[in-house]
Amino acid sequence: MDDCIIIGAGPAGLTAAIYLARFHLKIRLFDCGSSRAAMIPRTHNHAGYPGGIKGTELLRRMRKQAEEFGAVRETAEVTEIGRVGEDFDVRIGDRSVPARSVLLATGVVNIRPEMDPQIHDDALARGLIRYCPICDGYEVTDKRVGVIGTGDHGMKEALFLRGYTRDVTLIAPGARHDLDAACQAKLDEAGIVHVDGPCSPMRIAGDAMAVTTPGGELTFDSVYPALGSTIRSALAVAAGARATAEGCLEVDDHQRTSIPGLFAAGDVVKGLDQISHAMGEAGVAATTIRNLLDERRPLRR
């Protein structure tokens, strides 16, 4: 039986794997290969990497580090988590894997704008589409930026980006904007143009992103979709864990869910959606898991 099964191999899951393996625990990490961090062309605000580091390279280094200490990683998608007494039964299709504890680090999936998937991925790799202004707003300093979104969420993202550039346009994803008077007043005060949609098709035009709107085609140095995200908490919720209305798993200060022995860290828990934040939560979760297992049966060499 594994001491801990980690579901998800992004920054949170891999950080937890490093900690737990160094606690001399038997660790298995299931990776379905869809970490959002792999989509980052280059992160510049992750400390310790002057010049930045690609998301794929950061994950590769973290995987190597975890494996140096004996963590076992498998490419597989977990389909169910069940309780067996105080332990767990983790299922991958017809296969059953027992564990004394489970850490969910499955993250979230960004909701993409309606566009050709290949064009989206090419634009993302070139920084023409970006999803995290906290991560990379600096890179659009004094550039022309489009934000696809509406309502309070779209307004807030546009206002955040206004701290980097004067040229921000908020484009409705649907036919018309859903902006109340207070939202419109804030946008107008900041000098942010708001344009009704729909905003498709979108295409790469040289070094810019071209967005088709009813009023004509607009071009931007970068476009930020502000359409929200899907929280990948279904496994834990199906097992009985409490979650918010948005689907974020509820945890205490030690990353414990409402199910004893089931932990969660990273973007699947409500937070900043930042690598550093996810790694910090993972360190807390891993240490708590170690102490929980020690309480059940003292860990001795």
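The structure under discussion appears in the preceding block.
Counting of residues starts from 1 at the beginning of each chain's written sequence and follows it residue by residue. Reporting in this predicted model follows two pLDDT cut-offs: at least 70 for local features of residues, and 80 or more for side-chain atom pairs to be given and counted; totals over whole chains, interfaces and linings ignore these cut-offs and use all residues. To get the side-chain values, take all heavy atoms of the structure and skip hydrogens and water.

Enquirer: So, the pairing of strand β12 (residues 202-205): which residues are in play, and what are the values?
Expert: The criterion for strand pairing is that DSSP finds at least two bridges linking the strands in question. A run of H or I in DSSP counts as a helix once it spans at least four residues, and a run of E counts as a strand once it spans at least two, with each numbered from the N terminus. Relative to strand β13 (residues 208-213), β12 is paired through four bridges, and the arrangement is antiparallel. Residue pairing for β13: M202 is matched across the bridge by V211. Linking β12 to β13, which pair antiparallel, is a turn of two residues; within it G206 sits at a positive phi near 70 degrees.

Enquirer: Which residues make up the side chain of S35, and what values do they have?
Expert: Turning to its location among the elements, S35 is positioned in the loop between β2 (27-31) and α2 (55-68). N or O atoms within 3.5 Å of each other form a polar contact, as long as, within protein, one can give a hydrogen and the other can take it, and as long as residues adjacent in sequence are counted only when both atoms are side-chain atoms. Only 3.2 Å separates the side chain of S35 from the backbone nitrogen of A37, close enough to count as a polar contact. Excluding residues that lie within four positions of it along the chain, S35 makes contacts with A9, G10, P11 and L59. Note on definitions: a residue-residue contact is assigned when non-hydrogen atoms from the two residues lie within 4.5 Å.

Enquirer: Before we move on, could you go through the pattern of salt bridges and cite the residues and values that matter?
Expert: For this document, the term salt bridge refers to a Lys or Arg side-chain nitrogen within 4 Å of an Asp or Glu carboxyl oxygen. Scanning all chains against the criterion turns up 24 salt bridges. Residue D2 is joined to R28 by a salt bridge in which the shortest nitrogen-to-oxygen separation is 2.7 Å. Of the two residues, D2 sits in the segment before β1 (4-7) while R28 sits in strand β2, which places them 26 residues apart along the sequence. Residue burial is assigned from relative accessible area. The probe radius is 1.4 Å, only protein chains are included, and a residue is buried under 20% of its type maximum, exposed over 50%, and partly exposed in between. The buried category is assigned to R28, whose relative accessible area is 16%. The salt bridge partner of R73 is E67, with a shortest N-O separation of 3.6 Å. The partly exposed category is assigned to R73, whose relative accessible area is 33%. In the salt-bridge network here, residues are joined through shared partners; they are D2, R28, E74 and R95.

Enquirer: Now, about a nonpolar patch on the surface: what can you tell me, with residues and values included?
Expert: Judged by side-chain polarity, I134, F160 and L272 come together as a nonpolar surface patch covering roughly 270 Å² of accessible area. With respect to the helices and strands, L272 occurs in the loop between β17 (262-264) and α8 (275-296). Patches here are clusters of residues that have more than 30% relative accessible area and form no salt bridge, with a 9 Å joining cutoff for like charges and a 5 Å cutoff for nonpolar side chains (Val, Leu, Ile, Met, Phe, Trp, Tyr). Note on areas: Shrake-Rupley, 1.4 Å probe, and residue coverage restricted to the protein chains presented here.

Enquirer: An account of the packing of aromatic side chains is needed here, citing residue identities and associated values.
Expert: Aromatic contacts are taken between Phe, Tyr and Trp rings whose centres are within 6.5 Å, Trp giving its six-membered ring; a plane angle under 30 degrees counts as stacked, one over 60 as edge-to-face, and the others as tilted. Enumeration according to the criterion identifies one aromatic pair in this entry. Each ring, one from F160 and one from Y164, has its centre 6.0 Å from the other, and the planes form 50 degrees; the classification is tilted. Whether a charge lies above a ring is judged from NZ of Lys or CZ of Arg, which has to be within 6 Å of the ring centre and within 35 degrees of the ring normal. Cation over ring: R22 sits above F69, and NZ or CZ is 4.8 Å from the ring centre. The ring of F220 has R144 sitting right over it, with the charged end atom 5.2 Å from the ring centre.

Enquirer: Describe in detail the pairing of strand β15 (residues 222-225), supporting the description with residues and values.
Expert: Where burial is concerned, the two faces of β15 agree: the one with S222 and Y224 and the one with V223 and P225 are both buried. Inspection of the sheet shows strand β9 (residues 145-148) paired to β15 by four bridges, in the parallel sense. When the bridges of β15 are listed, V147 appears paired with Y224.

Enquirer: Residues and numbers for empty space enclosed by the protein, please.
Expert: Any residue with an atom within 4 Å of a point lines the site, the site being either a cavity, points on a 1 Å grid over the protein atoms alone where a 1.4 Å probe fits but cannot get out, or a pocket, an open set with protein on both sides within 12 Å along at least 5 of 7 lines. Grid points are joined across faces, edges and corners, and a volume is the space filled by probe spheres set on the points. Applying the stated criterion across every chain yields a total of one cavity of 30 Å³ or more. Put simply, the largest cavity is a space of about 40 Å³. As for the largest cavity, its lining consists of L14, L29, R63, A66, E67, A71, V72 and R73. Those elements that place two or more of their residues in the lining of the largest cavity are α2 and β3 (72-75). With three residues, α2 is the largest single contributor of residues to the lining of the largest cavity. Any residue that is not Ala, Val, Leu, Ile, Met, Phe, Trp, Tyr, Cys, Pro, Asp, Glu, Lys or Arg is counted as polar, Gly included; the first ten are nonpolar and the last four charged. Considered class by class, the residues forming the lining of the largest cavity number five nonpolar, no polar and three charged.

Enquirer: An account of the sheet that holds strand β11 (residues 193-195) is requested, with residue identities and associated values reported.
Expert: The strand order β11-β10-β9-β15 describes an open sheet built from four strands, whose pairing is parallel. Unpaired on one side and paired on the other, β11 and β15 mark the two borders of the sheet. Each neighbouring strand pair of the sheet contributes to a mean axis angle of 25 degrees, computed without reference to strand direction. As defined by bridge partners, β9 adjoins strand β10 (residues 168-171) across four bridges and the pair is classed as parallel. Following the sheet pairing, G146 is matched in β10 by T169. Axes here refer to lines fitted to C-alpha atoms; in helices the fit is confined to the stretch in contact. Angles between the N-to-C directions go from 0 to 180 degrees.

Enquirer: Hey, could you go over unusual backbone geometry for me, with residue numbers and the actual values?
Expert: The omega angle of the peptide bond from G197 to P198 is 5 degrees, so this bond is cis rather than trans. Mapped onto the elements of the fold, P198 is located in the loop between β11 and β12. Cis peptide bonds are those with omega within 30 degrees of zero, and the linkage from S200 to P201 qualifies with 5 degrees. One non-glycine residue, D142, lies in the positive phi region at around 60 degrees. Within the secondary structure layout, D142 lies in the loop between α4 (133-136) and β9. Its identity is not glycine, yet Q255 carries a phi of approximately 70 degrees, on the positive side. With respect to the element layout, Q255 can be found in the loop between α7 (234-238) and β17.

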